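# Tertiary structure, described
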Amino acid sequence: MKIKAYAKINLGLQVIGKRDDGYHELDMVMAPIDLHDLIYVDKIKEGIIIESNNPTMPTNEKNIAYRAAKLMIERFNIKSGVKIQIFKHIPTQAGLAGGSADGAAVFIAMNKLFNLGLTKNELAILGSEIGSDIPFCIQGCVSRVTGVGESIRKINNNINCKILLIKPKKGVSTKKAFTSIAASNFDISYIDDIEAAIVTGDYALLKKSLYNDLESTSTQFVPEIMDIKNQLLDIGFDACLMSGSGSTVFAITKDDSILNAGYTHFKKSKCFVRKTSIINEIE
Ligand code: C5P
């Protein structure tokens with residue numbers, strides 16, 4: 001079975017508080033984007049085999065796709081195994097949910113492959129056991145996401161813009177970004193305006209509202225993030241922001257010539273560069 005595992009960007013990420021288990025309560029606006037890994041999930045006699053075109057990808061429990069398959073096999077007493085082939089296109093340690101997207105794809109594929117009949121909501125609850133971004137990746141629509149990532153409310157997207165992704169060579173570990181985060185102002189919502197902009201299609205509001213509490217922390221580990229942002233603004237993009245815990249920066253414009261100028265400029269560098277757009281809902 002072939003399945004596409006879509007990346008996401010965070011148009012907004014505010015840290016609201018810290019729980020006793022060390023996880024952070026978040027308020028986010030997340031959007032699937034047109035960038036995906038390609039995953040093949042097939043039944044085999046027994047065990048879990050992971051193969052990838054990327055030799056640095058772990059093929060054991062360290063791989064979130066492996067953990068997703070293991071959870072499904074154990075929870076639903078599945079008597080056979082699975083072979084999972086992952087053709088990676090989403091960069092890792094990028095803040096684009098590359099690993100979570102693969103995990104989500106395995107949940108969706110195994111639900112079909114073994115006729116488990118689980119709903120998206122049931123799959124999302126299972127997914128939350130192994131990764132905070134997996135419920136969003138399973139739901140696959142532009143959403144306001146709260147809790148530690150498990151609470152998802154679909155929002156209608158009426159923004160139409162072009163997006164350039166730039167990921168510097170160096171990535172950021174999500175864990176490291178969260179453990180180093182400075183206290184935030186929890187009294188003000190920086191996310192309400194982003195949702196309002198998206199729902200009403202107010203691009204002028206969106207470009208001044210993009211917000212990410214993790215950006216300054218991750219920039220300490222990868223200073224290139226700030227250089228990239230400055231260059232994108234110099235080229236003429238309307239706004240830019242780091243996605244998730246980084247290190248990818250995305251920039252927005254409505255102008256094809258600016259998009260192309262940014263693409264050409266960063267193609268000469270060592271960065272991952274990609275033109276993309278928001279997908280309202282993954283089919
Ligand atoms: O759930 P996931 O494995 O993606 O999270 C990676 C790390 O990010 C966690 O170990 C935790 O340190 C941090 N995290 C957090 N609060 C969240 C999500 C992740 O502190 N809501």
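All of the points below concern the structure found in this document.

Calculation criteria
Here, residues in each chain are numbered from 1, in the same order as that chain's written sequence. Restriction of local features to residues with pLDDT of at least 70 applies here, the model being predicted, together with a cutoff of 80 or more for giving and counting side-chain atom pairs; totals for whole chains, interfaces and linings are based on all residues. Side-chain metrics rest on all non-hydrogen atoms present in the structure, leaving aside hydrogens and water. Counting from the N terminus, the helices are DSSP H or I runs at least four residues long and the strands are E runs at least two residues long. Only heavy atoms enter the contact rule, under which two residues are in contact if any of them lie within 4.5 Å. Any carboxyl oxygen of Asp or Glu within 4 Å of a side-chain nitrogen of Lys or Arg constitutes a salt bridge here. Exposed residues in this analysis have more than 50% of their type's maximum accessible area, buried residues have under 20%, and partly exposed residues fall in between, with area computed by a 1.4 Å probe over protein chains only. Summary of the distance rule: residues count as near a molecule or strand when at least one heavy atom falls within 4 Å of that molecule or strand. Any N or O atom pair separated by 3.5 Å or less is treated as a polar contact, with the protein-specific requirement of one donor-capable and one acceptor-capable atom, and with residues adjacent in sequence counted only for side-chain atom pairs. Surface accessibility in these figures is a Shrake-Rupley result with a 1.4 Å probe; residues are shielded only by whichever protein chains are displayed. Here the nonpolar group is Ala, Val, Leu, Ile, Met, Phe, Trp, Tyr, Cys and Pro; Asp, Glu, Lys and Arg are the charged ones; every other residue, Gly included, is treated as polar. In this text, buried Ala, Val, Leu, Ile, Met, Phe, Trp, Tyr and Cys residues form a nonpolar core when linked through side-chain atoms within 4.5 Å. DSSP calls a pair of strands paired once it identifies at least 2 bridges connecting them. Angles here are taken between N-to-C directions and fall from 0 to 180 degrees, while the axes themselves are lines fitted to C-alpha atoms, restricted in helices to the stretch in contact. Orientation is classified from the angle alone, with under 35 degrees giving roughly parallel, over 145 giving roughly antiparallel, 65 to 115 giving roughly perpendicular, and any other angle giving oblique. In this scheme the handedness of a crossing depends on how the near helix is turned from the far one: anticlockwise by less than a right angle means left-handed, clockwise means right-handed.

Turning to its location among the elements, Ile 159 is positioned in the loop between β6 (151-154) and β7 (162-167). Once you skip the residues sitting within four places of it in the chain, Ile 159 turns out to touch Ala 197, Ile 198, Gly 201, Asp 202, Tyr 203 and Leu 206.

Our next topic: the pattern of salt bridges. According to the stated counting rule, one finds 14 salt bridges in the structure shown. Where Asp 27 meets Arg 144, a salt bridge forms, and the shortest distance between an N and an O atom there is 2.8 Å. Of this pair, Asp 27 sits in strand β2 (residues 24-44) while Arg 144 is found in strand β5 (residues 143-147), placing the two residues 117 residues apart along the sequence. The exposure class of Asp 27 is buried, given its relative accessible area of 8%. A salt bridge links Glu 51 to Lys 83; the nearest nitrogen and oxygen atoms lie 4.0 Å apart. Within this pair, whereas Glu 51 is found in strand β3 (residues 48-52), its partner Lys 83 is found in strand β4 (residues 81-87), the two being separated by 32 residues in sequence. Residue Lys 83 is classed as partly exposed on the basis of its relative accessible area of 28%. Look at the salt bridges and you will find they share partners, linking Asp 27, Arg 144, Arg 153, Asp 192 and Glu 195 into a network.

Moving on, we come to the site of the ligand. The local shell around the ligand consists of Gly 22, Tyr 23, His 24, Leu 26, Gly 131, Ser 132, Val 148, Thr 174, Lys 175 and Phe 178. A distance of 3.5 Å separates an oxygen atom of the ligand from a polar side-chain atom of Tyr 23. The contact in question runs from an oxygen atom of the ligand to an N or O atom on the side chain of His 24, over 2.8 Å. Here the ligand, which alone exposes 460 Å², has 80% of that area covered by the protein. Among the secondary structure elements, those contributing two or more residues to the shell around the ligand are β2 and α5 (174-179). Taken together, the residues of the shell around the ligand break down into four nonpolar, five polar and one charged.

One finds Leu 11, Ile 84, Phe 107, Met 110 and Leu 232 to be the most contacted residues of the largest nonpolar core, which totals 95 residues. The element that contributes the greatest number of residues to this core is β2, accounting for nine residues. Those residues in contact with Phe 107, other than ones at most four positions away along the chain, are Ala 68, Leu 71, Met 72, Leu 123, Leu 126, Gly 127, Ile 130, Ile 134 and Ile 138.

Turning our attention to the pairing of β5. Burial analysis of β5 places four of its five residues in the buried class, the great majority of the element. Pairing analysis gives five bridges linking β2 to β5, with the strands arranged antiparallel. Bridging across to β5, Met 30 finds its partner in Ser 143. Judged from the four bridges that link them, β5 and β6 form a sheet pairing that is antiparallel. Pairing of Thr 146 across the sheet is with Ser 151, part of β6. The antiparallel hairpin formed by β5 and β6 contains three residues in its connecting segment, where Gly 149 sits at a positive phi of about 130°.

Spatially, β9-β10-β7-β11 is the arrangement adopted by the four strands of the open sheet, whose pairing is antiparallel. In the strand order of this sheet, the two ends are held by β9 (239-242) and β11 (272-276), each with one partner. Pairwise comparison of adjacent strand axes, ignoring direction, gives a mean angle of 20° for this sheet. In this structure, β7 lies alongside strand β10 (residues 249-253), joined through five bridges in antiparallel fashion. Along β10, the bridge assignment pairs Ile 166 with Val 249. Strand contacts of helix α9 (residues 224-235): β7, β9 and β10, with the helix running at about 165° to β9, the strand carrying the most contacts. Of the strands in this sheet, β7, β10 and β11 are in contact with helix α10 (residues 256-267), which crosses β7 at around 15°.

Think of two packed helices as two axes; the pair is described by the angle between the axes and how far apart they sit. At a minimum axis distance of 10 Å, the contact between helix α2 (residues 98-113) and helix α3 (residues 120-127) shows a crossing angle of 130°. Accordingly, the angle class assigned to the pair α2 and α3 is oblique. The two elements α2 and α3 meet at a crossing, and its hand is right-handed. Across from Phe 107, Ile 108 and Asn 111 in α2, the residues of α3 making contact are Leu 123, Leu 126 and Gly 127. Across the contact of α2 with α3, the residue classes break down as four nonpolar, two polar and no charged.

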